[in-house]
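Listed below, chain by chain, are the residues.
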Amino acid sequence: MNSFKTKYIMALLLVTTVLSACKKQWDDRTAAVDQQLDKTVMQQIQENGNLSTFSGYLTKLGYDKLLAGSKTYTIFAPTNQALQGVNQAIVNDTAQLKKFVNNHIVAQVYLTNAAQAGLRIRTLGGKNLSFNTTTVDEATITTPNLYVKNGVIHVIDKAIPPKMNISEYIRSLNGVADLHKAYILRQDTTFIDTSKATVQSYDPRTGKPILVPNTGVVNINKYFNRVASLANEDSTYTYFVLTDAAYDAERNKVSKYFTTVTNSNDTTLNILAAYNVLKDVAVRGSFAPAGFNSLTSVNNVTVPASQGAIVQSYRASNGMVYVVNSMPFDIKQKITPIIIEGERPSFFARTDANGSIFYRSRRDDKGVTLKDIMIGTTNTLPANFFAAYKLTNLYTCQYRVVVRAVNDINFSTPTDIVESFNFGQITAPVVGANGTIVPNDVVKFPSQRIGPVLVNGSPFVNYEELTLPTPANRSATNVAGNNPTSTATAANTIGLTGGNFTVTKRTSVNMYVVGANSTTANANNVTFDYVKLVPIIQ
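All residue numbers refer to positions counted from 1 along the written sequence of the respective chain. Where totals are concerned, whole chains, interfaces and linings use all residues; where local detail is concerned, this predicted model gives features only for residues with pLDDT of at least 70, and gives and counts side-chain atom pairs only at 80 or more. With hydrogens and water stripped out, all remaining heavy atoms of the structure feed into the side-chain values.

All right, on to the side chain of T502 then. Strands here are runs of E lasting at least two residues and helices are runs of H or I lasting at least four, both read from the DSSP assignment and numbered beginning at the N terminus. For T502, the location among the structural elements is in strand β34 (residues 500–503). A distance of 3.2 Å separates the side chain of T502 from the backbone oxygen of N500, its partner in a polar contact. Two residues form a contact once any of their heavy atoms are found within 4.5 Å. Residue contacts for T502: discarding those within four places in its chain leaves C397, Q398, T493, I494, G495, L496 and T497. We define a polar contact as two N or O atoms separated by no more than 3.5 Å, with the added condition that, inside protein, one atom must be a possible hydrogen donor and the other a possible acceptor, whereas residues neighbouring each other in sequence contribute only through side-chain atom pairs.

Right, let's get into the environment of T380. Checked against the element boundaries, T380 lands in the loop between β20 (369–375) and β21 (386–391). Between the C-alpha atom of T380 and that of S356, which follows or precedes it by 24 residues, the distance is 8.2 Å. Excluding residues within four positions of it along the chain, T380 makes contact with T519 and A521.

The next subject is the pairing of strand β33 (residues 494–497). As a general feature of sheets, a regular strand has side chains that alternate between the two faces. By the bridge criterion, 4 bridges tie β33 to β34 in an arrangement that is antiparallel. Bridge pairing in β34 links I494 to V503. Two strands pair under a simple rule: DSSP has to find at least two bridges between them.

On to the environment of D203, then. Tracing the sequence through the fold places D203 in the loop between β10 (199–202) and β11 (209–211). To sort residues, take the accessible area from a 1.4 Å probe on protein chains only and compare it with the maximum for the residue type: under 20% means buried, over 50% means exposed, and anything in between is partly exposed. Classification of D203 as buried rests on a relative accessible area of 18%. Within polar-contact distance, the side chain of D203 engages the backbone nitrogen of T206 at 3.4 Å.

Pairing geometry for strand β15 (residues 310–316) and strand β16 (residues 319–324), over 6 bridges, is antiparallel. Residue S313 lies in a different strand from β16, and its bridge partner there is Y322. As consecutive antiparallel partners, β15 and β16 are separated by 2 residues.

With that settled, the discussion passes to the sheet that holds strand β14 (residues 282–284). Here 4 strands make up an open sheet; going across it, the order is β14-β13-β16-β15 and the pairing mixed. The open sheet has two free edges, formed respectively by β14 and β15, since each of these has just one partner strand. Going across the sheet, the axis of each strand differs from the next one's by a mean of 15°, ignoring polarity. Here strand β13 (residues 237–242) runs beside β16; their pairing, made up of 6 bridges, is parallel. Axis definition: a line fitted to C-alpha atoms, over the contacting stretch in the case of helices. Angles run 0 to 180 degrees between N-to-C directions.

A word on the nonpolar core. The set of buried Ala, Val, Leu, Ile, Met, Phe, Trp, Tyr and Cys residues whose side-chain atoms join them within 4.5 Å is what this entry labels a nonpolar core. Counting 94 residues, the largest nonpolar core has Y223, Y239, F240, F423, F501 and L533 as the members making the most contacts within it. With 6 residues, helix α11 (residues 267–278) is the largest single contributor of residues to this core. Residues contacting F501, with those up to four places away along its chain left out, are L394, C397, Q398, Y399, V401, F423, V443, F445, I494, G495, L496 and L533. Formed by 24 residues, the second largest nonpolar core is a distinct cluster that contains I45, L83, V91 and L146.

Another point: the side chain of N102. Note on placement: N102 falls in helix α6 (residues 94–102). Judged by its relative accessible area of 9%, N102 is buried. A polar contact is formed between the side chain of N102 and the side chain of Y63, at a distance of 2.6 Å. Among all residues touching N102, those that are not within four sequence positions of it are Y63, T123, L124 and G125.

What follows deals with the confidence of the model for the protein. Here the protein averages 86 in pLDDT, and 86% of its residues register 70 or above. When the criterion is pLDDT under 50, residues 12–30 qualifies, and its contacts beyond four places in sequence or with other chains add up to 6 contacts. As a per-residue measure, pLDDT reflects the predictor's confidence and takes values from 0 up to 100.

Let's shift gears to the sheet that holds strand β19 (residues 357–363). To summarise the sheet geometry, strands pair through backbone hydrogen bonds and adopt either a parallel or an antiparallel arrangement. Pairing is antiparallel in the open sheet, where 3 strands are placed in the order β19-β20-β36. The open sheet has two edge strands, β19 and β36 (526–528), and neither has a second partner. Neighbour to neighbour, the strand axes of the sheet diverge by 20° on average, direction disregarded. Sheet topology places β19 next to β20; 7 bridges connect them, and they run antiparallel. Across the sheet, the residue bridging to I357 is I375, located in β20.

At a minimum axis distance of 10 Å, the contact between helix α3 (residues 52–60) and α6 shows a crossing angle of 125°. With respect to each other, α3 and α6 are oriented oblique. For the pair α3 and α6, the sense of crossing is left-handed. Every residue of α6 that contacts α3 at F54, Y57, L58 and K60 is listed here: L97, F100 and V101. Each angle is binned into one of four classes, with values under 35 degrees roughly parallel, values over 145 roughly antiparallel, values of 65 to 115 roughly perpendicular, and all other values oblique. Take the far helix as your reference; a near helix turned counterclockwise from it by less than a right angle gives a left-handed crossing, and one turned clockwise gives a right-handed crossing.

Moving on to the pattern of salt bridges. Between side chains of opposite charge, a pair can form when the charged atoms approach closely. Each reported salt bridge corresponds to a side-chain nitrogen of Lys or Arg within 4 Å of a carboxyl oxygen of Asp or Glu. Tallied over the entire structure, the rule returns 20 salt bridges. Between R171 and D188 there is a salt bridge, with the nearest N and O atoms lying 2.7 Å from each other. Residue R171 is located in helix α7 (residues 166–172), and its partner D188 is located in strand β9 (residues 188–192); the two are separated by 17 residues in the primary sequence. By relative accessible area, which is 33% here, D188 ends up partly exposed. The partner of D364 in a salt bridge is R404, and the shortest N-O contact between them spans 3.5 Å. Here the residue D364 occupies a position in the loop between β19 and β20, and R404 occupies one in strand β22 (residues 398–404), the gap between them amounting to 40 residues. Each member of the pair, D364 as well as R404, is classed as buried. Connected through shared salt-bridge partners, D137, E138, K163 and R315 make up one network.

Attention shifts here to the environment of I170. One can find I170 in helix α7. Taking relative accessible area as the criterion, I170 reaches 1% and is therefore assigned buried. In contact with I170, not counting residues within four places along its chain, are K181, I184, L230, Y239 and V241.

What follows concerns the packing of aromatic side chains. To pair, rings of Phe, Tyr and Trp, with the six-membered ring standing in for Trp, must have centres within 6.5 Å; the planes then decide the type, stacked if under 30 degrees apart, edge-to-face if over 60, and tilted in the middle. Under the criterion given, the structure shown has 18 aromatic pairs. Here the aromatic rings of F76 and F131 are separated by 5.6 Å at their centres, their planes lie at 65°, and the arrangement is edge-to-face. One end of the pair, F76, is in strand β2 (residues 73–78); the other, F131, is in the loop between β5 (128–130) and β6 (135–136), and 55 residues separate them in sequence. For the pair F76 and F131, a shared accessibility class is recorded, and that class is buried. Geometrically, the ring pair formed by F240 and F292 is edge-to-face, given 5.4 Å between the ring centres and 70° between the ring planes. Of this pair, F240 sits in strand β13 while F292 sits in the loop between β14 and β15, and the two are 52 residues apart along the sequence. A single burial state applies to F240 and to F292, both of which are buried. Cation placement over rings: the criterion is NZ of Lys or CZ of Arg within 6 Å of the ring centroid and within 35° of the ring normal. For the cation-ring pair, R226 lies above Y275, with the distance from its terminal atom to the ring centre recorded as 3.9 Å. Of note, K334 hangs over the ring of F329, and the distance from its end group to the ring centre comes to 4.3 Å.

Here it is in structure tokens:
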């Protein structure tokens, strides 16, 4: 075959491919059951006697001119019969009628053959509709794809009034979930966004703008910002609203872990406990009761919802809402361990030891990335040098103190690292004569020997978690005594209970990881990967 024939055949194949692609695009266009390309959307609606009521609404609102223009639209046109049940108060109120009609108009063309599962389309009213090949929201498309020169019309058998979003629905509840609703309303607040405010003038001394009063005001809900954007029309959620009995039952289960005034159920306690419960009643996506058996909250907590607990339900514009009379959360998923990472210290015993502080990253024996802190190695440190960590808003309960500290320093002779883990109230720092901060530690766990394990006579790095105080038969052993000690008084909010670290009032404390009482190089090193405070659920 000569080169000319080859080029001819290749050109022919290319033309055939292009024509095929063009035909596919035209086929998509001609999927419309009827085409009136010489008519506008409004003209087509006006000529259909079965849509005369909807046509009258459009004309009343002045939309007959809008829909006769060059912009393209998708119209979901209810039949006259579908509109018979529309409340006359809506028809007589121009503002309400506009909201109603806007929910049937989309400023873009959507044909049913292009609809995909889960497709949601934005209406002129700002609400989203669920659209597939045969339905739009709860309405059935009886006559699809009436294609005209500036859009497409789908005739539907039901009106689709605008729905409330989840936020609006919660606010509308009355007498069924008053406590839950009251919590949400308390989270409403405002702030001034200067970029949206109107500038009145400028301060001649500072040059700062002077804003027109009441401009730039932005309304937000702190709960929505932290948990889920329940007022956002573009996000989809399943949300559970608790009846007063369910709200109280779940809040009472966790309230003792948020004691802010000893033995007092004050308002702050109730708000903190309520947030602990309500942060896990939102689920991403819209679910029917059949899908309740595998729900996980936006915070990755199992949501124990059941169909039998549903008091009422509502299909919102951005998901599903269920009012339920029971939501028995697993408290161990609500009051969870607190992790203190070694590589995130707050301060040190001295400010001049940076050359002895190392933040390390490597893999452990299972191939998982390990990050920790190592203080010491070849440099000389003051005796009892420490790294301190500020712990905020601890649960009020007893804790098991669990440590992972990896001694993998390659000394010529396997050497233990001796360190202790202590806790103290946060007070103004006391600085000793040598410039070292004196830790205010009132709860002290015995010093531990963190050493390589000998396996067949050879040192083997130990990656185990160690629960303090550590039994003598473990690779990390107590240096002095087996019991932690406490100098806490009635004025303190931390202490010891049966050898467990205890917090009696919601507070912030310092944790000190303290090296040995030695100034010999390598004898007072400090290292750990993390400390885990594990709440003892009672």
